[in-house]
Each structure stands twice: as C-alpha cells, then as structure tokens.
Amino acid sequence: MIAKVSSGAIRGVDGYIITVEVDVSQGLPTFEIVGLPDSAVKESKERVRIAIKNSGAVLPPKRITINLAPADIRKEGPAFDLPIAIGLLAGLELVPIEKLKNTFIVGELSLDGLVRPVNGVLPMVYGALQNGITECIVPKENSVEAALVEGVTVIGISHLSELIDYLKGTTIEPTTVDIDKFFGTSTFAQGLDFFDVKGQENVKRALEICAAGGHNMLMIGPPGSGKTMMAKRFPTILPDLTFSESLEITKIYSVAGLLKDKSCLVTERPFRSPHHTTSSQAIAGGGRIPKPGEISLAHRGVLFLDELPEFYRNVLEAMRQPLEDGIVTIPRVSGTVTYPSDFMLIAAMNPCPCGYNGEPSKCTCSQREIDKYRAKISGPLLDRIDIQVEASSVKYSDFNSSIKVDSSSEIKSRVLKVQKIQSERYREDKILFNAQLSAVQIEKYCSLGKEENKVLKQAFNALRLSARAYHRILKVSRTIADLENSEKILVNHLAEAIQYRSLDRS
C-alpha cells in the first residue's frame, strides 16, 4: 500500500513542500530511502524503526521503500523522521490514511519515540500555507513558532504515540499565540542609554542622522573614545520593529537555529558584533548545508564591525553587494541561495595602527604605516559608507560639563518624526529611507539650488569624490534637511554632509 505525507524543507529562508511517499509491499524485508537523502536522512530509518517499536506498534517483515519527492533536490537533516514514521504506519493501515490529505508534518524522533524540535519550522509552515495546507503537526517545542502563521491550525506533538492517537480520533487543543504579549518586553536596551555618553556630540549627531535616514557609518578615533559604547546604544534610538519585520527576522533566526527557548518571535532589532577573525563564510553565509551569515542575522538591524581594518580583506569585500542591494546571493552547484541582508553598518577603527595618531607623545607610527593601515579598507567599500566621523579623546571636563545631554528616548522621538516624513514622501516609491534612494530618485528629491550646486562642485573636485560618494552626500543632506524640517536642501545641510567624508578629506 502507498501512503503520502506532506513535509517540508528550507531553501534560503523560504520553505517548500517535500512529499514523503511510502510503499509497503511483500518481498524480501528491506528498508530503503530514496530521493537524494543525505546521511542524516538515511540514518532516520533506524530512528524510525526503533521509535515505532517503543511507541507500541509492530513493524512486520515487509519491503519498505520511502521516496522523498521531488527526487532531484537533496534532502538534509532529521526533520523527516516524523513524517516517515507516520507514512509508514499509514502504509501498514495502523493509522487512517485519509487524515493525512491536508496535513503537514515535520519533526525529529528520538529512539524512545519523543519528538524533538527542528530548525526552520516558521518558513516551512509558511510554505505549507502557500500550498493550501491548513493543518500543521509540529514538535511541541516548535508549536508557538509555527502558530505565528495566521490561517493555520497548529498541533504540537511531544511523542509519536500521542500523534498516533490524534490521527485515530483523540482531541488535541491547537496551539494559539497572543502576538501582543511578545511586544513591549524588550530587554536588550536595559541599562543602555545615550545619556551615559559624555562628550562626543559630533558623533552622537552623526548617529542620529544615521538612524533617521538608514545610513551606514564609520567612526574613527583613539582607544577609549567611546566608539563601542555608542555603537551598543545605537539600537536604542531606532524605531520599534513592526510585526512583519519581526516575522522576517524570526524566519532567518529559525533557519539558523538561533531562536531562544522561551521567545519564538524576535521583537528587538538585531545587533550583531562579529570578531575581526570571522571568516567570509561566517559573514556572508553558506557552508555545505547553507546557513545565514552575520549580515543576514543583522537584517533589519545593526551590524557593528569593531577594528574594521583588522578584518580580512575578503570579508570586507564580501559586504559590498549586500550593502548595495540588501540581499546576499550564494551560488552553489546544487543551486543559488539568496538571503535578505538589509542592515545598517556601524563600523569603528583607530586612526593609525597604535591608535594615537595626532598625539605626538603617544603615537609612534610613521606616515607609511598609517597609509598602509588605512589602505586595508578599499575605496569601493568606503564609498558605500555614507558617514565617516572622527571621535576625539574624552577630556576630564566632559564628565563635569553642564551641557544638557539628550537621552535615547529624546533622540528616538526626533528620529521617528523624520522617518514619518520619509514614509509620506516615498509612499509611491516603495522605499522607506533616504539611504535607499536610487539615482533617478535622487534627482527628484535632492535637487539643489545654484549656491548649493556651487558648494558641492567645489567639494567634488577638491576631494576627488566618486559618483557613489557624490550620491551619498546628497542622501545624507536630504536627511539633515529632514531633521530641520526643511523641504529644500540648503548650503548648511550640504556642508555638514560633506564634512562627514573624513577619510576622503585625508
């Protein structure tokens, strides 16, 4: 008898349907799995056989063939254990086969029949819904994650025998979630506030511009000037995630296996800070079994690269396409995988190898060493960083200054106002931020007057800017104008944007 069970797999961050076909017939007792299974899938036959035995069922000595269709796509991981077991029981007429017609099943089995959680359940359930399947049976620990998909009945299973009883007619209450309870419980920003940052008003101003317009930024300053401190506080001035953004991020973290045990919806903007020894594969993603890299894990959030020149050259160059396109494409022999990577890059570096350039009593670097150190960051990558700002050493007087320091909530309120202006302006253009403006849109929304054109022309020739740097200056100018609630880009807005090309000037 042939039984069919719908299961799922992952390509990139999207789920698709895999049909588990089971044939049980007379003949020499064998148990074969076909359909391009990897070693983890091939081993499932032993897990399934023993799990069924320990769940109270008996497998007769028959010829068993399992086909995972479509057969031209490699199947990976242990998520097919549960659908194989149920398909086998249906083929033996131990569970009613009609109950499986509109049901999606996924899960790993232990030898005693317990159902273990698997990665990527959220995108797989999405894929099932897109194929018209409205009932999904998943491991109990994945049930809340799966229930985030509206329009699907989610049944959480903790043991194979429990699923057998359910298919025979036992009632199990579907899993439901209250989306609102996930929001408003942020813990990332606890104890982090820009109110703690003394001095560095120019850097804080630049970070506010970045948050308002979605720009990338590079901080250049000596050790101890607060670069890392300010970068860690940057997410506190970004807008809260929407539900759709949370789902996008959660899908990526589900595929990567990074969801927390107690929270199955990512409700905080990601802040990723990889070490400078990180490989290009860990940054961009990939591997034998492709997984999202750091730039995808930072999607809709912040990627912070401290000690930027210390990263391997190929790692930095791997970020050029994602910074421009918001996606990273990884070609493989078996096919091309695309991951979303729409992130904001915040980077930090020292002005020289020792870090104390400009302080003769401390700095021992020659000009050749300084040039070599800064040359580690290529021109094309530097062009993609909108703002380059210098952080000076903190003075003792900064700690006792009477100058009012804005808190993160005050800065965030200004950022939200500017982003509201942008959302209304670009309603018909399908973009959200000034940083996303195309060349055609720049001409439309960043037009300059006669005096402003003259200033930009002088800067373009004096700094020998590239076309990309020219466009970046206009985008930053547009954000600065929005912060001042100005419809037009004025000379002072343009002048401030030009001064944020620190490395171009040097």
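Note that the structure is a prediction, hence the values are computed from the model and not measured.

Each value, and the rule that gives it
Residues numbered from 1 in each chain as written. Predicted model: local features only at pLDDT ≥ 70, side-chain atom pairs only at ≥ 80, totals over all residues. Heavy atoms only, no water. Helix = DSSP H or I, 4+ residues; strand = E, 2+ residues; numbered from the N terminus. Buried < 20%, exposed > 50% of the residue type's maximum accessible area, 1.4 Å probe, protein only. Contact = heavy atoms within 4.5 Å. Areas by Shrake-Rupley, 256 points an atom, 1.4 Å probe, with all protein chains shown as cover. Axes fitted to C-alpha atoms, helices over the stretch in contact; angles between N-to-C directions. Left-handed = near helix turned anticlockwise from the far one by under 90°. Nonpolar A, V, L, I, M, F, W, Y, C, P; charged D, E, K, R; others polar. Pairing = 2+ DSSP bridges. Salt bridge = Lys/Arg side-chain N within 4 Å of Asp/Glu carboxyl O.

(A) Spotlight on the overall build of the protein chain. The number of helices and strands found in the protein chain is 22 helices and 18 strands. On the principal axes, the C-alpha backbone points of the protein chain span a range of 85 × 45 × 45 Å. Out of the 506 residues in the protein chain, the part that is buried amounts to 51%. A sequence separation of at least 24 residues applies to 72% of the contacts in the protein chain between residues at least 6 apart. Total accessible area on the protein chain is roughly 23,200 Å²; 51% of this is exposed by carbon and sulfur atoms.

(B) Just the packing of helix α7 (residues 201-213) against helix α17 (residues 408-425), in detail. Across the interface, α7 lies against α17 with an axial gap of 8 Å and an inter-helix angle of 40°. Between α7 and α17 lies a crossing of right-handed hand. Residues Glu208, Ala211, Ala212 and Gly213 of α7 pack against Ile411, Arg414, Val415, Val418, Gln419 and Gln422 of α17. When the residues that make up the contact of α7 with α17 are grouped by side-chain class, the tally is five nonpolar, three polar and two charged.

(C) Seen up close, the sheet that holds strand β17 (residues 344-349). Pairing is parallel across the open sheet formed by five strands, whose spatial order is β11-β14-β17-β10-β18. Looking along the sheet, the strands with just one partner apiece sit at the ends: β11 (271-272) and β18 (387-390). With two bridges connecting them, β11 and strand β14 (residues 302-305) associate as parallel partners. In the sheet register, Arg272 faces β14, and the bridge partner there is Leu303.

(D) Seen up close, the pattern of salt bridges. Under the definition given, this model contains 23 salt bridges. Put simply, Arg269 and Glu245 hold a salt bridge, and the shortest N to O gap is 3.3 Å. One end of the pair, Arg269, is in the loop between α9 (243-256) and β11; the other, Glu245, is in helix α9, and 24 residues separate them in sequence. With a relative accessible area of 12%, Glu245 lands in the buried category. Through salt bridges with shared partners, a single network forms among Glu324, Arg384, Asp386, Arg468 and Arg472.

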